[in-house]
Amino acid sequence: MLRKQKLVVIGNGMAGARLVEDILARGGADKFDVVMFGDEPYGNYNRILLSGVLSGTHDPQDIFINSLPWYEENNIKLHAGIRVSSIDRAGKTVYGSNGVSESYDKLVIATGSSPFVPPMDGLKNGDSLKDGVFVFRTLDDCDAITKYAEGGKRAAVIGGGLLGLEAARGLLNLGAEVHVVHLMGNLMDVQLDAQAGASLRRSMEAMGVSVHLNKATTGILGDDCVTGLQFKDGSTLDCDMVVISAGIRPNVQLAKDAGLTVERGIVVNDHLVSVDDADIFSVGECTQHNGMVYGLVAPLWEQTAVLADRLTGRKAAAAYKGSKISTKLKVMGLELAVMGAKEARDENDEVVVYAEPSRGIYKKLVVRNGQLAGAILLGDAATAPLLLQSFDRGTELPENRAEMLFSLSRTDDPMTFAYVPDTAQICNCNGVSKAQILSAVQAGHRSLKAVCDATRAGTGCGSCKSQVQGILELACEGQVETDPATHYYVPGVPLSKPELIAAIKEYQLKSVSAVFAVLAAGKEDPASKVGLASLLKTIWHEEYEDERDARFINDRVHANIQNDRTFSVVPRIYGGVTSSSELRRIADAADKYQARMIKITGGQRIDLLGIKKEDLPGIWRDLDMPSGHAYAKSFRTCKTCVGTEFCRYGVGDSTGLGIKIEKRFQGIESPHKMKLATTGCPRNCAEATIKDIGAVAIEGGRWEIYVGGAAGAHVRKADLLVTVDTHDEVLLYTGRFMQYYRENAKYLERTWSLVERISIEKLRRILVDDSEGICARLDQDIQAAVDAYRDPWQEAIEPVHPAQFVNTLGAVTLTQIQGLQPSYGD
Amino acid sequence: MDIALQQSAPTLIPKVFVNLGSIERIPLGEGREFLVDDEEVVVFRTREEKVYALQAKCPHRSGPLADGLIGGGKVICPFHAYKFELSSGNPIGHDCAALKTYNVQISEHGDILLYC
Ligand code: SRM
Ligand SMILES: Cc1cc2nc3c(=O)[nH]c(=O)nc-3n(C[C@H](O)[C@H](O)[C@H](O)COP(=O)(O)OP(=O)(O)OC[C@H]3O[C@@H](n4cnc5c(N)ncnc54)[C@H](O)[C@@H]3O)c2cc1C
Ligand code: SF4
Ligand code: FES
């Protein structure tokens, strides 16, 4: 058998680790023993998502691409946290900073780059950066910035490029006052023209970031820690922390010391091999190919694929021909995509511009010989995928340039994806190309979910899913399997909601296990249990056979689980109206059970946080108040304002109405939460028009009933369903709408989505004009649900199982037991 | 709690079956924790009356698996819904480390016997 060669990779970042993945995917494990060195003490993570980590949209845990066990499973020896200090080319050995050495047959240098820190006075204390001065490149940087920014700091970012602006947005989200200081007269001057730069500046300022242009920072002020910045023009800026984001410099010292040709980066040819040494290769940001050094991930994906093809012999003739670059700014609330040239080269170039400054929109195309040479899309990047395709592939642009500037329906046409080159990267979070998606389809994955699971495309931020769908449709030639599961009410029972309801009624299935037994061939699916329990309760009311294991933990113990396994307790406070004796009981209970926090919630009641599971029955007994259902998919609260009782503008008794609503509908299960409000006049202090159901008092003693409002993850103004005269009528329509929602919404679909799906006009016909003749039945069914209500906190007195509120059933000490003489069969 | 002690067979193997008491103490289809020396072990009782014993805390961010939903041979962590196979402890669809598993059975008298 042929001896395996030893491949050593220096750098365990996006390029190094990707190369190893690519080599393994091509069967390279048979050919190479792989050894990696990584200066950072972790597995490989997705560096581009650090912006998301800083701004709080991504959890550090979730950005890892290759966790440490991955290396072990794939027989890769990783020296994690070990820096390579030298390469001995003659002896074909690399030396690590801890004295370890590894010989190699082939060596890949993928050391990436480091942040460039321009010379400034007062930058350092001794050898390290002054307290409060940071760069933004690694997970550790991110962590340090987050910790330092705690408690509302004044932060300056030096550098108004892509990374600087992403850092600024992150700092803003951390609660800092943020200043961006930029050397040039325009933000992102490398990618943007003056007009786009100015528009971007206005958008950043609207977000709350102060922008200082044409400012050269000459010094950092402060003795022990940062107190401000000194500029060349004599002015200063007070600040408590500085993030320097002034560009990057390739990490090439190691290669230079080894005698390799290094200009800006390590010089390689089309085979990504050093021009001096046939056994040394380089990929990623430390690499210079054809005069270019790239600072983005897309080029390095192309490089690693070529090098893996060559090293494994899959395609021994593969060659890298350079990359076209495009990029997106990942700043929450701001769309910006740029590619290629930002200005016309000469008068032969055609420039198409569309600007709408009031909305922060600026779009520009640079067209050369009928092809796209560059584009800027700011404020609305809907056509970015289309432009990217055209740019990457160099296709002829349509005569009507507007088609490329505005999203017309033809972007849905799968044929447009036919023009995307196979190498184009579709998923930018996980670096998945069109070719990979195509081969997943060929391997038999024919639904969106199956393709995403197989390729990891769409599993990061999710924004590329429509493109994955488009490619899937193209590749399947119309034979796409719409994941049947998307139409199922729950994933584990292959029926839509109406079919499921019909079957449940037909076979008289009254428990979750009965549904699995009859409708899912006996196969339990834990992910389906909770949705089924909710539906069965809606159908059978008191006849429903409750199985506690089908409930989420919150509904088993009627409280909301916290990250330390304690629970939060929110008693019901009808309409937000309480009394001094109730407040005293709450205060006493909070003391007795050592609530870690007493908080007024957004729903007009009081939350006692940090209560132990074992203490739940006790605190409920002491409170002597019903559950507020703050944990359940059910009716939650009815917010009220003071209305006619006190307010000088009030025209309706909103408080009284809210209390009636809450007493009537408390605890009613539903596909998702139902939050209501009643308000005493159109000033709308209780925010009734952004609630699932809201009642607004209007002059003349009447009430407007609104449905389908939202102000959570989605914001929507509610639609007027009907205007009525009395409290009783409000209760009637409220109940009728609730029951309709309970029967017709998908599991976890909020009312706003149902209202948009069915349309308010149709709902009005059904629920007000009784066009389907179901109103009487809806009223009857909601009444049955109201009658079935029982305060779950009564389980304090009668637990459903002795172990309902118990975490640990017992403790044993083996050392004691093992000393005893065992007896058999006792 | 009554901790009787049993051995699998009259051999010299130092490991023992520890009696953790009646299986009825765990609600059907749920799990509860036991402390074995300093180790937290969760024992699940499925609707088909099978038992599984695994490491009690989720390797992702220490979610209490005893509070999770089980069925179809899987457990779903209550914190972020990561899934694990009950029989092997293997992660399903994510990169977390596998859960440690323990040998456990139900005695003829309906007691939980944990082998450790
Ligand atoms: C306690 C409270 C925050 C506060 O301190 O004020 C709260 C706390 C939680 N909310 Fe909320 N929400 C609270 C008011 C709101 C509001 C405002 C309101 O109710 O007036 C909203 C926006 C309105 C809405 O419902 O859309 C709100 C939108 C959400 C959402 C997004 C829902 C959506 O469909 O967009 C979730 C996530 C979910 O339900 O999937 C959520 C989920 C949660 C959970 C239950 C997350 C969880 O599963 O652990 C939080 C529990 C925290 C804990 O540790 O116990 N919370 N949450 C508020 C309780 C109100 C109450 O008295 O019942
Ligand atoms: C916050 C942020 C956001 C970004 N956003 C985007 C984006 O949206 N789109 C985009 O295309 N690009 C983005 N980038 C750039 C992208 O992350 C880089 O292009 C990419 O990481 C380069 O990969 P690399 O492997 O060459 O370098 P790196 O990922 O930096 O990996 C190099 C690794 O080598 C290690 N190393 C260096 N020297 C040694 C040594 N002597 N011994 C051992 N190990 C060593 C380093 O510690 C590092 O872990 C972003 C970068 C940052 C920092
Ligand atoms: S909504 Fe009207 S009645 Fe209610 S507090 Fe505001 S002004 Fe007063
Ligand atoms: S802690 Fe278990 S999934 Fe996050």
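S.K.: Tell me about the overall build of chain A, and please be specific about residues and values.
M.R.: Helix and strand content of chain A: 26 helices and 43 strands. Taken over 826 residues, chain A has a buried fraction of 53%. Sequence-distant contacts in chain A: of pairs separated by 6 or more residues, those separated by 24 or more amount to 62%. Looking at chain A as shown, the accessible area adds up to about 36,000 Å², and 50% of this sits on carbon and sulfur atoms.

S.K.: Describe empty space enclosed by the protein, with residues and values.
M.R.: All names here are of chain A. Throughout the structure, instances matching the rule amount to one cavity of 30 Å³ or more. Computed from the structure, the largest cavity encloses a volume of approximately 80 Å³. In terms of lining, the largest cavity is formed by 13 residues, of which the most central are Arg-18, Ile-65, Trp-301, Asn-430 and Arg-456. Contributions of two or more residues to the lining of the largest cavity are made by helix 1 (14-25) and strand 4 (64-66).

S.K.: Explain the site of ligand 2 residue by residue, including any values.
M.R.: Residues and elements named next belong to chain A. Taken together, the neighbourhood of ligand 2 is formed by 33 residues, with Ala-15, Glu-40, Arg-137, Glu-285 and Lys-330 sitting nearest. Within the contact set of ligand 2, an oxygen atom lies 2.7 Å away from a backbone nitrogen or oxygen of Ala-15. Note that an oxygen atom of ligand 2 is positioned 2.8 Å from one of the side-chain N or O atoms of Arg-47. Here ligand 2, which alone exposes 1,000 Å², has 94% of that area covered by the protein.

S.K.: Explain the sheet that holds strand 8 (residues 83-85) of chain B to me, using residue names and the numbers behind them.
M.R.: The strand order across the open sheet formed by four strands is 6-7-8-9 (chain B), and the pairing between neighbours is antiparallel. Here the strands that pair on one side only, and so sit at the sheet edges, are strand 6 (69-71) and strand 9 (91-92) of chain B. Across two bridges, the pairing between strand 8 of chain B and strand 9 of chain B is antiparallel. Across the sheet, the residue bridging to Phe-84 of chain B is Pro-91 of chain B, located in strand 9 of chain B. Contacts between helix 16 (residues 526-540) of chain A and the sheet are confined to strand 6, strand 7 (74-76) and strand 8 of chain B, with strand 6 of chain B contributing the most and set at about 110 degrees to the helix.

S.K.: How would you explain the interface of chain A and chain B if you had to name every residue and give the values?
M.R.: Contact residues are listed per partner, giving 48 residues for chain A and 47 residues for chain B. Carbon and sulfur atoms supply 54% of the area that chain A and chain B bury against each other, a total of about 3,900 Å² over both sides. Counting the surface chain A buries against chain B, the share from its top three residues, Pro-526, Leu-809 and Val-812 of chain A, is 18%. For the interface between chain A and chain B, the tally reads seven salt bridges. With a closest N to O distance of 2.7 Å, Lys-613 of chain A and Asp-67 of chain B form a salt bridge. The tally of links between chain A and chain B comes to 17 residue pairs in polar contact (both at pLDDT 80 or more). Put simply, the parts of the chain that give the side of chain A that touches chain B at least two residues each are helix 16, helix 17 (553-557), strand 43 (808-812) and helix 26 (814-819) of chain A. In terms of residue count, strand 43 of chain A provides more of the side of chain A that touches chain B than any other element does, five residues in total.

S.K.: So, the site of ligand 3: which residues are in play, and what are the values?
M.R.: All residues adjacent to ligand 3 are Cys-641, Val-642, Gly-643, Cys-647, Tyr-649, Gly-650, Thr-679, Gly-680, Cys-681, Arg-683, Asn-684 and Cys-685 of chain A. When the residues that make up the shell around ligand 3 are grouped by side-chain class, the tally is six nonpolar, five polar and one charged.

S.K.: Account for the confidence of the model for chain B, with residues named and values stated.
M.R.: Residues and elements named next belong to chain B. Here chain B averages 87 in pLDDT, while 87% of its residues score no lower than 70. When the criterion is pLDDT under 50, residues 1-13 qualifies, and its contacts beyond four places in sequence or with other chains add up to 38 contacts. Predicted complex metrics record ipTM = 0.72 and pTM = 0.57.

S.K.: A description of the nonpolar core should follow, citing residues and the corresponding values.
M.R.: The biggest cluster of nonpolar side chains holds 60 residues, and the ones touching the most others in it are Leu-171, Leu-200, Met-204 and Leu-336 of chain A. Considering each element in turn, this core owes the most residues, six residues, to helix 5 (residues 162-173) of chain A. Ignoring anything within four residues of it in the chain, the contact list for Leu-171 of chain A reads Leu-54, Ile-145, Ala-149, Ala-155, Val-157, Ala-176, Val-178, Met-241 and Val-243 of chain A. Counting residues in each nonpolar core, the second largest holds 41 residues, with Ile-606 and Leu-623 of chain A together with Phe-44 and Phe-79 of chain B among its members.

S.K.: Account for the environment of Asn-251 of chain A, with residues named and values stated.
M.R.: Residues and elements named next belong to chain A. Along the polypeptide, Asn-251 turns up in the loop between strand 21 (248-250) and helix 7 (253-257). By relative accessible area, Asn-251 is classed as partly exposed at 22%. Separated by 139 residues in the primary sequence, Asn-251 and Gly-112 have C-alpha atoms spaced 5.8 Å apart. Not counting chain neighbours up to four residues away, the residues in contact with Asn-251 comprise Thr-111, Gly-112, Ser-113, Ser-114 and Cys-286.

S.K.: Any chance you could break down the pattern of salt bridges for me, citing the residues and the numbers?
M.R.: If you walk through the whole model with that rule in mind, you get 60 salt bridges over all chains. The salt bridge partner of Glu-356 of chain A is Arg-359 of chain A, with a shortest N-O separation of 3.0 Å. Given a relative accessible area of 59%, Arg-359 of chain A falls into the exposed group. Measuring nitrogen to oxygen at the nearest pair gives 2.9 Å for the salt bridge that ties Glu-39 of chain B to Lys-100 of chain B. Highlighted residues: Glu-39 of chain B in strand 4 (residues 39-45) and Lys-100 of chain B in the loop between strand 9 and strand 10 (101-106), separated in sequence by 61 residues. Under the relative-accessibility criterion, Glu-39 of chain B is labelled partly exposed at 35%. Judged by its relative accessible area of 42%, Lys-100 of chain B falls in the partly exposed class. The network of salt bridges with shared partners includes Arg-565 and Lys-613 of chain A together with Glu-33, Glu-40, Lys-57 and Asp-67 of chain B.

S.K.: Can you lay out the sheet that holds strand 17 (residues 217-221) of chain A for me, pointing to particular residues and giving the numbers?
M.R.: Two modes of strand pairing occur in sheets, parallel and antiparallel, and in both the strands are linked by backbone hydrogen bonds. Residue and element names in this part refer to chain A. Pairing in this open sheet of three strands is antiparallel, and the strands run 17-18-19 from one edge to the other. In this open sheet, the two edge strands, each paired with only one partner strand, are strand 17 and strand 19 (236-238). Across the sheet, the axes of successive neighbouring strands diverge by a mean angle of 20 degrees, strand direction being ignored. With three bridges connecting them, strand 18 (residues 228-231) and strand 19 associate as antiparallel partners. Its bridge partner lying in strand 19, Gln-230 is registered against Thr-236.

S.K.: A description of helix 15 (residues 512-519) of chain A should follow, citing residues and the corresponding values.
M.R.: Note on helix geometry: an α-helix contains 3.6 residues per turn, so any two residues three or four positions apart are oriented the same way. All names here are of chain A. Those residues of helix 15 not exposed but buried are Val-512, Val-515, Phe-516 and Leu-519. On an axial view of helix 15, the arc spanned by its buried residues comes to 100 degrees, and they lie on one face. Buried residues belonging to helix 15 abut helix 14 (497-506) and helix 16. The positive-phi residue at the C-terminal boundary of helix 15 is Ala-521, with phi of around 55 degrees.

S.K.: Could you give an account of the side chain of Asp-105 of chain A, with specific residues and numbers?
M.R.: Within the secondary structure, Asp-105 of chain A is located in the loop between strand 8 (101-103) and strand 9 (106-109). Ignoring anything within four residues of it in the chain, the contact list for Asp-105 of chain A reads Arg-3, Lys-4, Gln-5, Lys-6, Lys-92 and Asp-279 of chain A.

Thresholds, definitions, all that
Residue indices begin from 1 for each chain and proceed along its sequence in written order. For naming, the first written chain is A and the first written ligand is 1, with later ones following in the order written. Since the coordinates come from a predicted model, pLDDT governs what is reported: local features require at least 70, and pairs of side-chain atoms require 80 or more to be given and counted, while whole-chain, interface and lining totals use all residues. Excluding hydrogens and water, the side-chain values take into account all heavy atoms of the structure. Strands are runs of DSSP state E lasting at least two residues, helices are runs of H or I lasting at least four, and both sets are numbered from the N terminus onward. Each residue gets one of three labels from its accessible area relative to the maximum for its type: buried under 20%, exposed over 50%, partly exposed in between, using a 1.4 Å probe on protein chains only. For this analysis, residues touch if any pair of their heavy atoms sits within 4.5 Å. Surface exposure here means Shrake-Rupley accessible area, sampled with a 1.4 Å probe, where a residue is shielded only by the protein chains that are shown. A pocket here means an open set of points on a 1 Å grid, computed over the protein atoms alone, that has protein on both sides within 12 Å along at least five of seven lines. A cavity is instead a set of points where a 1.4 Å probe fits but cannot get out; residues with an atom within 4 Å of a point line either one. Grid points are joined across faces, edges and corners, and a volume is the space filled by probe spheres set on the points. Any residue with a heavy atom positioned within 4 Å of a molecule or strand is treated as near that molecule or strand. Whenever two N or O atoms come within 3.5 Å, that pair is a polar contact, provided that in protein one can donate a hydrogen and the other can accept it, and provided that, for residues adjacent in sequence, both atoms are side-chain atoms. We treat two strands as partners when DSSP finds at least two bridges between them. Here an angle of 0 to 180 degrees is reported between the N-to-C directions of two axes, which are lines fitted to C-alpha atoms, with helices fitted over the stretch in contact. Reported buried area values correspond to the accessible surface (1.4 Å probe) lost by two parts on association, with both partners' losses combined. Salt bridges, as used here, are contacts in which a Lys or Arg side-chain nitrogen is within 4 Å of a carboxyl oxygen on Asp or Glu. Amino acids outside the nonpolar list (Ala, Val, Leu, Ile, Met, Phe, Trp, Tyr, Cys, Pro) and the charged list (Asp, Glu, Lys, Arg) are all regarded as polar, and Gly is one of them. Residue-level confidence of the predictor is summarised by pLDDT, bounded by 0 at the bottom and 100 at the top. Grouping buried Ala, Val, Leu, Ile, Met, Phe, Trp, Tyr and Cys residues that are joined through side-chain atoms within 4.5 Å yields what is termed a nonpolar core. The arc in question is the one spanned by the directions pointing from the helix axis to the C-beta atoms.

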